[in-house]
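The lines below spell out each chain.
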Amino acid sequence: MTVVTRFPPSPTGFMHVGNARTAIFNWLYARNKGGKFVVRIEDTDRKRHSEEAVAAIMDGLKWLGLDYDGEVLSQFAQRDRHTGVAEEMIAKGQAYYCYCSPEELNDMREKARAEGQKTFYDRRWRDADPTTAPADVKPVVRIKAPLEGQTTIKDKVQGEVSVANDQLDDFIILRSDGTPTYMLSVVVDDHDMGITHIIRGDDHLNNTFRQKVIFDAMGWDVPEFAHAPLIHGADGGKFSKRHGAQSIQEFREMGYLPEALLNYLLRLGWSHGDDEIIPRDKAIEWFNLENIGKAPSKFDFAKLDSLNAHYINESSAEELITQALPFYKERHGMALNDLGKQRITQGIDELKSRAKTLLQFVDESVFYAKSIPLQFDEKALKNLDGAEDILRALKTSFEAADTLDADKVQEICKAIAAEHMNGKLGKVAMPLRAALTGTTVSPSIFHAAEIFGSDEVCNRIQAALDR
Ligand code: GLU
């Protein structure tokens, strides 16, 4: 049997991390089994539908590196097939028209509430004589759910879960306007797409019993299910915007690498012993359904940061620069030129080891790419004020030096500190840092000076003096 998993997002305009984790699990399972991972857009809500919302999902998948098999399917495009299945069920006596008015339904709902019943529809049209149907009412179609016994799901995460069948309504599969409901569309699509494994959030567990009723009514194979607990915030509530961020897009904008988020979301709810660092290839090799955790997991930004730092460190200069390019533009209004790239590449080891996010990487490396005159930030200006003698002395010594490597720069700074500043190296290094970077936070300024070379260093010092 070829394993076929699916990712069926409702296009909401962004990809929630919970959905992303579902996609990751399904993708990993398919790749682990040499199976297929298919994408279906659940776009039946036409009022809210937009192509941008679909694009946001596809963009999220691409960014996470989750490739899919075949064409992306539109659920809306399958509506005739869904209606056809409902009609087939009516013909076979497994579904029926229900002509209840909103008032009647309301009465039933109130009665059920008063009696503490979970379901309310009293099945009055289930076996009614069709000739008694009112001519002026457009009926809905309801499924004949089993009345006795129980429906049991053998879930790969939750274990065996059952519900008494009298708790299952004769739920609606076609609305009165003839459109199929989510419950029907999902099952028909899952069947038609040959889905063998459904891995999703446990907020869908209740739907699963109803979906099984449809599978059974049609005599279709029921896929395997794995319902993973949802992701929670540190306070225990469902993970959302108020916890700092909720969508893949936001994490991307915060400077997280896709590899880090993939690793993090995987570990959040699945484990392989005590392994924390699980790169993509290992994830594919090791992933299984048995090790999906049973308890809801709490999103922990500190852990994500430490994984991000790890993957930043593992990346090559080229990879990092490519990922970071949009941020140079967004945050500093500049495109990286070749000289900037070259200098950043030379300083990459230190830049990488300092950065927890791409934003930090960009902010601490952009000075390499800027041209003079620099814009000095407030703190840098404080370091420059009154440091004119130091800067002039530095420039004179740098000009006189034959070579300017990091050791030499440090040696010169020390000598000047000894002469002018009671040996306090910081009093020399800070104005130098301000002059070269425009800020007070940067990698080793001695090393940066080496990367710039003597001419650029002296030009920057002069520009700081001339500001
Ligand atoms: N479209 C549903 C959602 O985004 C998923 C349905 C399913 O997994 O069956 O929650």
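Note that the structure is predicted; figures quoted are calculated from it, not measured.

Reading the values: the criteria
- Residues numbered from 1 in each chain as written.
- Predicted model: local features only at pLDDT ≥ 70, side-chain atom pairs only at ≥ 80, totals over all residues.
- Heavy atoms only, no water.
- Helix = DSSP H or I, 4+ residues; strand = E, 2+ residues; numbered from the N terminus.
- Rg over C-alpha atoms; globule rule 2.2 N^0.38 Å.
- Contact = heavy atoms within 4.5 Å.
- Areas by Shrake-Rupley, 256 points an atom, 1.4 Å probe, with all protein chains shown as cover.
- Lys, Arg positive; Asp, Glu negative; His and termini not counted.
- Charge placed at Lys NZ, Arg CZ, Asp CG, Glu CD.
- Buried < 20%, exposed > 50% of the residue type's maximum accessible area, 1.4 Å probe, protein only.
- Pairing = 2+ DSSP bridges.
- Right-handed = clockwise from strand over helix to strand, strands pointing away.
- Axes fitted to C-alpha atoms, helices over the stretch in contact; angles between N-to-C directions.
- Near = heavy atom within 4 Å.
- Polar contact = N/O pair within 3.5 Å; in protein donor to acceptor, adjacent residues only side chain to side chain.
- Nonpolar A, V, L, I, M, F, W, Y, C, P; charged D, E, K, R; others polar.
- Salt bridge = Lys/Arg side-chain N within 4 Å of Asp/Glu carboxyl O.
- Expected span 1.5 Å × (residues − 1).
- Core = buried A, V, L, I, M, F, W, Y, C linked by side-chain atoms within 4.5 Å.
- Phe/Tyr/Trp six-rings, centres within 6.5 Å; stacked < 30°, edge-to-face > 60°.
- Lys NZ or Arg CZ within 6 Å of the ring centre and 35° of its normal.

Visitor: Tell me about the overall build of the protein, residues and numbers included.
Guide: In terms of helices and strands, the protein carries 20 helices and 12 strands. Against the compact-globule benchmark of 23 Å for 467 residues, the protein has a radius of gyration of 31 Å, which places it well outside the compact range. Judged by the C-alpha coordinates and their principal axes, the protein covers about 105 × 45 × 40 Å. For the protein, long-range pairs separated by at least 24 residues make up 74% of all intrachain contacts whose partners lie at least 6 apart in sequence. On the protein, roughly 22,200 Å² of surface is accessible, and the fraction owed to carbon and sulfur atoms is 47%. Side chains of the protein give 58 positive and 72 negative charges; the mean places of these two sets differ by 2 Å.

Visitor: Give a description of the pairing of strand 9 (residues 197-201) that names residues and reports values.
Guide: Most of strand 9 sits inside the fold, with 5 of its 5 residues counted as buried. Of the strand pairs in this sheet, strand 9 and strand 10 (residues 224-228) are connected by 5 bridges, and their pairing is parallel. In the strand pairing of strand 10, Ile199 is matched with Ala226. Following the chain from strand 9 across helix 6 (residues 205-218) to the adjacent parallel strand 10, one finds a crossover that is right-handed.

Visitor: Explain the sheet that holds strand 5 (residues 140-143) residue by residue, including any values.
Guide: Read across the open sheet, the 3 strands follow the order 4-5-8; overall the sheet is antiparallel. One side of each edge strand has no neighbouring strand; the edge strands of this open sheet are strand 4 (95-98) and strand 8 (172-174). Averaged over all adjacent pairs, the angle separating strand axes in this sheet is 45°, with direction ignored. Packed onto the sheet, helix 3 (residues 79-91) meets strand 4, strand 5 and strand 8 and runs at close to 120° relative to strand 8.

Visitor: Can you tell me about the site of the ligand, naming the residues and giving the values?
Guide: Around the ligand, the structure places Arg6, Pro8, Pro9, Ser10, Glu42, Tyr182, Arg200 and His204. A distance of 2.6 Å separates a nitrogen atom of the ligand from a polar atom in the side chain of Glu42. Here Tyr182 contributes a side-chain N or O atom positioned 3.2 Å from an oxygen atom of the ligand. Coverage of the ligand by the protein amounts to 86% of the 300 Å² it exposes when considered alone. Considering only residue class, the shell around the ligand consists of 3 nonpolar, 2 polar and 3 charged.

Visitor: Go over the pattern of salt bridges with me, naming the residues and quoting the values.
Guide: In this structure the tally under the stated criterion is 31 salt bridges. Ionic pairing is found between Asp192 and Arg81, a salt bridge with its closest N-O pair at 2.7 Å. Taken as a pair, Asp192 in helix 5 (residues 182-192) and Arg81 in helix 3 lie far apart in primary sequence, 111 residues in all. On the basis of relative accessibility, which here comes to 39%, the residue Asp192 falls in the partly exposed class. By relative accessible area, which is 31% here, Arg81 ends up partly exposed. A salt bridge links Lys111 to Glu115; the nearest nitrogen and oxygen atoms lie 3.7 Å apart. Of the residues examined, Glu115 reaches a relative accessible area of 47% and is grouped as partly exposed. Look at the salt bridges and you will find they share partners, linking Arg6, Arg40, Glu42, Asp189 and Asp190 into a network.

Visitor: Kindly report on helix 10 (residues 301-314), identifying the contributing residues and their values.
Guide: Counted at 1.5 Å a residue, the expected span for helix 10 with its 14 residues is 20 Å, and the 20 Å between its end C-alpha atoms agrees. Here the buried face of helix 10 lies against helix 7 (248-253), helix 8 (258-267), helix 11 (317-332), helix 13 (348-354) and helix 14 (358-365).

Visitor: Could you give an account of unusual backbone geometry, naming the residues involved and the relevant values?
Guide: In this structure, Pro373 follows Ile372 across a cis peptide bond, with omega equal to 5°. Tracing the chain through its elements places Pro373 in the loop between helix 14 and helix 15 (378-384). Phi is positive for Asn422, which is not a glycine, with a value near 55°.

Visitor: Summarise the nonpolar core; cite the residues concerned and give the values.
Guide: Residues Leu265, Phe361, Leu394 and Phe398 are the most contacted members of the largest nonpolar core, which totals 105 residues. Among the elements that line this core, the one with the most residues is helix 1 (residues 17-32), at 9 residues. In contact with Phe398, other than residues within four places in its own chain, are Leu404, Val409, Ile412, Leu432, Ser454, Val457, Cys458 and Ile461. Formed by 30 residues, the second largest nonpolar core is a distinct cluster that contains Val4, Ile198, Ile214 and Phe215.

Visitor: Describe in detail the sheet that holds strand 3 (residues 73-74), supporting the description with residues and values.
Guide: To summarise the sheet geometry, strands pair through backbone hydrogen bonds and adopt either a parallel or an antiparallel arrangement. Sheet architecture is open: 3 strands sit in the order 1-2-3, paired in parallel fashion. Of all strands in the sheet, those bounded by a partner on one side alone are strand 1 (4-7) and strand 3. Sheet topology note: the strand 2 (residues 36-41)/strand 3 ladder contains 2 bridges and is parallel. What sits directly across from Arg40, in strand 3, is Leu73. Each of strand 1 and strand 2 is contacted by helix 2 (residues 51-64), which is oriented at about 160° to strand 2, the strand it contacts most.

Visitor: Please set out the packing of aromatic side chains residue by residue, giving values where relevant.
Guide: Inspection of the entire model under this criterion finds 15 aromatic pairs. With a centroid separation of 4.4 Å and an interplanar angle of 20°, the aromatic rings of Phe239 and Phe299 are classed as stacked. Of this pair, Phe239 sits in the loop between strand 11 (231-232) and helix 7 while Phe299 sits in the loop between strand 12 (297-298) and helix 10, and the two are 60 residues apart along the sequence. Residue Phe239 shares its accessibility class with Phe299, and that shared class is buried. The ring of Phe120 has Arg109 sitting right over it, with the charged end atom 4.6 Å from the ring centre. Between the NZ or CZ atom of Arg142 and the centre of the ring of Tyr121, over which it lies, the distance is 3.7 Å.

Function cannot be inferred from these measures alone, as they are strictly geometric.
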